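# Commentary on secondary and tertiary structure
Okay, here's what each chain looks like letter by letter:
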Amino acid sequence: MTIASRGIHHVTAISGDAQATVDFYGGVLGLRLVKRTVNFDDPGTHHLYFGDETGTPGTIVTFFPWGDGARGRGGVGQINVISLAIPQSSLGFWLERLIARGIAYDGPAKRFGEQVVSIRDQDGIALELVACAATGAGWSGGGVPAEHAIRGVHGVTLWVDALAPTAAFLTGVLGFREVGSEGSIHRFETGPGGSGAIADVRTADGFWRGAMGVGTVHHVAWRTANDDTELAARAALAAAGAHITPVRDRVYFHSIYFHEPGGTLFEIATDPPGFTLDEPVAALGSALKLPPWLEASRAMIEPTLPPVRAP
């Protein structure tokens, strides 16, 4: 049995200063801060979610801001690039915006038939703006006109020592399809394919192993329709010999976690219930939200978190 995914649900990374994270992803990239909560496994740390107006699965990039935490090291066994989709006609707008804000960039360069601009965020995480035929509505509330706004996560790039084990797992267990290659990068797609459903796998034999810390990507989550399909996915992963967690309640979705053979941490997350569960659309991200089991400790948790202002 292979697992049918709808594409990327979200990508989670480790940043440094919380406000600097909001200023870059909200102020520069124009994404909406759709949820301000805590890392449920480490309540002394913020968990900040950015996306479109409602936090639609596939548009979400999230961060654990570690403040003065140790720097990480990018390498094999990790996601090393987050690609974000922009409309094909918006490349010039984004180049002007980057120049106006003094943000260095490389490109545009053509990859898999698409124009790609490479930048780094405030902590050095590698990002790409990919001009593509992405669907979905752009959010205009972040200072970027809706017609030019980021449409969501285009894909992620994993670095591995060897292609074969990861490729076999993606295609044989997770239901991906290999659709092409350019140099050391092999492209895999899931679900409907195209923007939002891409895992690029780069072979980097002999490169050092990555180490988690500030400036690195923690994991990618793949979409599943509901709790039933998630349980079916968990059973399929277990049958394939994967070491997988029990289902974990993340309030806004339910999750399971496992590592693919190359070492990258994957998650499968349900589309519902969504981010409007505890806030109306107009108020998303405006207040610190805690899960029910931590609400009684709000008076202890909230003062330990650095203040965050929406841009």
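Up top is the structure.
Below you will find a few notes about this structure. Everything numeric in this text was worked out from a predicted model, so none of it was measured. (Residues numbered from 1 in each chain as written. Predicted model: local features only at pLDDT ≥ 70, side-chain atom pairs only at ≥ 80, totals over all residues. Heavy atoms only, no water.)

## Digging into the overall build of the protein
- The number of helices and strands found in the protein is five helices and 16 strands.
- In terms of overall dimensions, the protein is globule-like: its C-alpha atoms have a radius of gyration of 18 Å, near the 19 Å expected for 311 residues.
- Overall, the protein is about 50 × 45 × 35 Å in size when its C-alpha atoms are taken along their principal axes.
- Each of the 311 residues in the protein was classed as buried or not, and the buried ones make up 56%.
- Pairs at least 24 apart in sequence give 67% of the contacts found in the protein among residues at least 6 apart.
- When the accessible surface of the protein is totalled, it reaches about 12,400 Å², and 54% of it is carbon and sulfur.
- Here the protein contributes 23 positively and 31 negatively charged side chains, and the mean placements of these two sets differ by 2 Å. (Helix = DSSP H or I, 4+ residues; strand = E, 2+ residues; numbered from the N terminus. Rg over C-alpha atoms; globule rule 2.2 N^0.38 Å. Buried < 20%, exposed > 50% of the residue type's maximum accessible area, 1.4 Å probe, protein only. Contact = heavy atoms within 4.5 Å. Areas by Shrake-Rupley, 256 points an atom, 1.4 Å probe, with all protein chains shown as cover. Lys, Arg positive; Asp, Glu negative; His and termini not counted. Charge placed at Lys NZ, Arg CZ, Asp CG, Glu CD.)

## Concerning the side chain of Thr-12
- Among the structural elements, Thr-12 can be located in strand 1 (residues 8-15).
- For Thr-12, a relative accessible area of 0% gives the class buried.
- A distance of 2.6 Å separates polar atoms of two side chains, one belonging to Thr-12 and the other to Thr-62.
- Leave out the neighbours within four places in its chain, and Thr-12 touches His-47, Thr-62, Phe-64, Val-217, His-218 and His-219. (Polar contact = N/O pair within 3.5 Å; in protein donor to acceptor, adjacent residues only side chain to side chain.)

## Here's the deal with the pattern of salt bridges
- Applying the stated criterion across every chain, the model contains 11 salt bridges.
- The partner of Lys-35 in a salt bridge is Asp-278, and the shortest N-O contact between them spans 2.6 Å. Within this pair, whereas Lys-35 is found in strand 2 (residues 32-39), its partner Asp-278 is found in the loop between strand 16 (265-270) and helix 5 (298-301), the two being separated by 243 residues in sequence.
- Notably, a salt bridge pairs Arg-250 with Asp-41, separated by 3.0 Å at the nearest N-O pair. (Salt bridge = Lys/Arg side-chain N within 4 Å of Asp/Glu carboxyl O.)

## Quick word on the pairing of strand 15 (residues 254-259)
- Burial within strand 15 is extensive, with five of its six residues counted as buried.
- One ladder, built from two bridges, connects strand 14 (residues 248-249) with strand 15; its direction is antiparallel. Note that in strand 15 the partner of Asp-249 across the bridge is His-254.
- Taking the residues that link successive antiparallel strands as the turn, the strand 14-strand 15 hairpin has four residues, and the phi of Val-251 there is positive, at about 65°.
- Here five bridges tie strand 15 to strand 16, and the two strands are oriented antiparallel to one another. (Pairing = 2+ DSSP bridges.)

## Thoughts on the sheet that holds strand 5 (residues 78-87)
- With respect to topology, eight strands assemble into an open sheet ordered 6-7-8-5-9-12-11-10, the strand pairing being mixed. Of all the strands in the sheet, just strand 6 (106-111) and strand 10 (177-182) have a single pairing partner and so form its edges. Ignoring strand direction, the axes of neighbouring strands in this sheet form an average angle of 25°.
- By the bridge criterion, seven bridges tie strand 5 to strand 9 (residues 152-160) in an arrangement that is antiparallel. Counterpart to Ala-85 in the pairing with strand 9 is Gly-152.
- Packed on one face of the sheet, helix 3 (residues 163-172) meets strand 9, strand 10, strand 11 (185-189) and strand 12 (198-203) and runs near 10° to strand 11. (Axes fitted to C-alpha atoms, helices over the stretch in contact; angles between N-to-C directions.)

## Remarks on the environment of Gly-44
- Mapped onto the elements, Gly-44 comes out in strand 3 (residues 42-51).
- Residue class for Gly-44 comes out partly exposed when judged on its relative accessible area of 47%.

## Observations regarding the pairing of strand 12
- Sheet topology places strand 9 next to strand 12; six bridges connect them, and they run parallel. When the bridges of strand 12 are listed, Val-160 appears paired with Thr-203.

## Details of the environment of Thr-264
- Along the chain, the position of Thr-264 falls in the loop between strand 15 and strand 16.
- Of the residues examined, Thr-264 reaches a relative accessible area of 2% and is grouped as buried.
- A sequence separation of 54 residues divides Thr-264 from Gly-210, and the C-alpha atoms of the two residues are 9.6 Å apart.
- In this structure, Thr-264 is in contact with Gly-77, Gln-78, Ile-79, Leu-158, Phe-258 and His-259, ignoring residues within four places of it in sequence.
- Within the local environment of Thr-264, its side chain forms a polar contact with the backbone nitrogen of Gln-78, the two atoms lying 3.4 Å apart.

## Comments concerning helix 1 (residues 18-28)
- Buried residues dominate helix 1, accounting for eight of its 11 residues.
- Buried within helix 1 are the following residues: Ala-18, Gln-19, Thr-21, Val-22, Phe-24, Tyr-25, Gly-26 and Val-28.
- Looking at the buried side of helix 1, the elements it contacts are strand 1, strand 3, strand 4 (60-65), helix 2 (91-100), strand 7 (114-120) and strand 8 (126-132).
- N-capping of helix 1 is provided by Asp-17, with a side-chain oxygen placed 3.1 Å from the backbone N of Gln-19.
- Downstream of helix 1 by a residue or two, Gly-30 has a phi angle that is positive, lying close to 75°.

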